[in-house]
Amino acid sequence: MRYAKERVRKLDFIELANLRRSTRDYSDRVVDRDKIMRCVEAARMAPSACNSQPWHFIVVDDPELKDMVASATLLMGTGLNSFVKGAPVIVAVVNENANMRSKVGGFIKGKNFDLIDIGIAAEHFCLQAAAEGLGTCILGWFNEGLVKKLLDVPKLKKVPLLITLGYEKTGSTAVKVRKSIEDISSFNKYK
Ligand SMILES: Cc1cc2nc3c(=O)[nH]c(=O)nc-3n(C[C@H](O)[C@H](O)[C@H](O)COP(=O)(O)O)c2cc1C
């Protein structure tokens, strides 16, 4: 099993990065809250522009509420995100107000630092999950208004991402497809 604990202990970082794949096939095994909180702790340690930390993580592990959030990720008439209801936990990442330095810097440079910060924190969460023997899938496609309503998120705040979390079903065949290293990198000049 890819996430066998004994193996995970011996991993160096690049192996962990390779191990983390989007899991879309979950077992119904309950996820211990201590493990979930270690994933949140890893996200808490993420870097952010001006150390702004513009995030709040809502862990949805109440089965009824979790199913309602899962319904908000479906695209009717397609199979998109139909796997989400099988995940025992969904984490909603709320975009909190950035600090003034990050806001001003982002405005001057025309960059959305909040989304960059949240992306990094989400990946910290997912890598820690992989180290805990847990699968994740980051979700960008969902009905944000409905998710906010279900989770009592204030109207003016945004929820850029959801993350599914749980144990992968045995025999799951998540594959990693990537461009070649030559395609994505060069020394000293663009291509
Ligand atoms: C910002 C973002 C949004 C994503 N949204 C979805 C989604 O709505 N549904 C889904 O099944 N996967 C989603 N994914 C997962 C990607 O499809 C996946 O990361 C990519 O295909 C690479 O595969 P891997 O994660 O297994 O390495 C998203 C990933 C990111 C980073």
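Note that the coordinates shown come from a computational prediction; the quantities given were computed from them, not determined experimentally.

Engineer: What is the right way to look at the overall build of the chain in this model?
Structural biologist: Of regular secondary structure, the chain possesses eight helices and four strands. When the helices and strands of the chain are listed from N to C terminus, the series reads α-α-α-β-α-β-α-α-β-α-β-α. A globule of 191 residues ought to have a C-alpha radius of gyration of about 16 Å, and the chain, at 18 Å, matches this closely. Principal axes of the C-alpha set define a box for the chain whose edges measure 50 × 45 × 35 Å. Residues counted as buried form 42% of the 191 residues belonging to the chain. A sequence separation of at least 24 residues applies to 76% of the contacts in the chain between residues at least 6 apart.

Engineer: Any chance you could explain the side chain of T73 here in plain terms?
Structural biologist: The topology assignment puts T73 in the loop between α4 (63-71) and β2 (89-95). Of the residues examined, T73 reaches a relative accessible area of 0% and is grouped as buried. Among the polar contacts listed, one links the side chain of T73 to the backbone oxygen of A70, at a separation of 2.7 Å. Beyond its immediate chain neighbours, meaning those up to four positions away, T73 contacts L80, N81, V84, L139, W141, F142 and L162.

Engineer: Which parts of the structure should I look at to understand the site of the ligand?
Structural biologist: Lining the immediate environment of the ligand, one finds 14 residues, of which S22, R24, N81, G140 and R178 sit closest. R178 is positioned such that a nitrogen or oxygen atom in its side chain is 2.7 Å from an oxygen atom of the ligand. Surface burial for the ligand is 63%, taken as the share of its 630 Å² of free accessible area covered by protein chains.

Engineer: How should the side chain of D114 be read in this particular structure?
Structural biologist: Mapped onto the elements, D114 comes out in helix α6 (residues 113-131). Among buried charged residues, D114 stands out as having no salt bridge; its nearest opposite-charge side chain is K103, 7.6 Å away. Among residues more than four places away in sequence, those in contact with D114 are P54, N95, E96, A98 and S102.

Engineer: What am I meant to see in the packing of aromatic side chains here?
Structural biologist: To describe a pair of aromatic rings, you give the distance between the ring centres and the angle between the ring planes. Per the stated rule, a full pass over the model turns up one aromatic pair. Taking the centre distance of 6.4 Å and the plane angle of 10 degrees together, the rings of F57 and F125 count as stacked. Pair noted here: F57 is in strand β1 (residues 55-60) and F125 is in helix α6, with a separation of 68 residues, a long-range link. Assessed through its relative accessible area of 0%, F125 is described here as buried.

Engineer: What's the story with the sheet that holds strand β3 (residues 135-139) in this structure? I'm lost.
Structural biologist: In sheet architecture, strand pairing relies on hydrogen bonds along the backbone and comes in two forms, parallel and antiparallel. With antiparallel pairing, four strands are arranged side by side in an open sheet as β1-β2-β4-β3. With one partner strand each, in any of the chains shown, β1 and β3 form the two edges of the open sheet. Each adjacent strand pair in this sheet contributes to an overall mean axis angle of 20 degrees, direction not counted. Of the pairings in the sheet, the one linking β1 to β2 comprises six bridges and is antiparallel in character. Bridging across to β2, V59 finds its partner in V91. The strands touched by helix α3 (residues 33-44) are β1, β2 and β4 (158-166); relative to β1, the strand with the most contacts, the crossing angle is about 170 degrees.

Engineer: Sorry if this is basic, but what is going on with the environment of N97 here?
Structural biologist: With respect to the element layout, N97 can be found in the loop between β2 and α5 (100-109). Separated by 83 residues in the primary sequence, N97 and S180 have C-alpha atoms spaced 37 Å apart.

Engineer: Before we go on, may I ask you to explain the nonpolar core in this structure?
Structural biologist: Generally speaking, soluble globular proteins have nonpolar side chains that are buried together. W55, F57, V93, F125, I163 and L165 are the most contacted members of the largest nonpolar core, which has 22 residues in total. Those elements giving two or more residues to this core turn out to be α3, β1, β2, α6 and β4. No other element matches α6, which puts six residues into this core. Setting aside residues no more than four positions away along its own chain, I163 makes contact with V89, I90, V91, V93, A122, F125, C126, T136, C137 and I138. Membership of the second largest hydrophobic core comes to 20 residues, among which are I58, C137, V147 and V153.

About the criteria used
Residues numbered from 1 in each chain as written. Predicted model: local features only at pLDDT ≥ 70, side-chain atom pairs only at ≥ 80, totals over all residues. Heavy atoms only, no water. Helix = DSSP H or I, 4+ residues; strand = E, 2+ residues; numbered from the N terminus. Rg over C-alpha atoms; globule rule 2.2 N^0.38 Å. Buried < 20%, exposed > 50% of the residue type's maximum accessible area, 1.4 Å probe, protein only. Contact = heavy atoms within 4.5 Å. Polar contact = N/O pair within 3.5 Å; in protein donor to acceptor, adjacent residues only side chain to side chain. Near = heavy atom within 4 Å. Areas by Shrake-Rupley, 256 points an atom, 1.4 Å probe, with all protein chains shown as cover. Lys, Arg positive; Asp, Glu negative; His and termini not counted. Salt bridge = Lys/Arg side-chain N within 4 Å of Asp/Glu carboxyl O. Phe/Tyr/Trp six-rings, centres within 6.5 Å; stacked < 30°, edge-to-face > 60°. Pairing = 2+ DSSP bridges. Axes fitted to C-alpha atoms, helices over the stretch in contact; angles between N-to-C directions. Core = buried A, V, L, I, M, F, W, Y, C linked by side-chain atoms within 4.5 Å.

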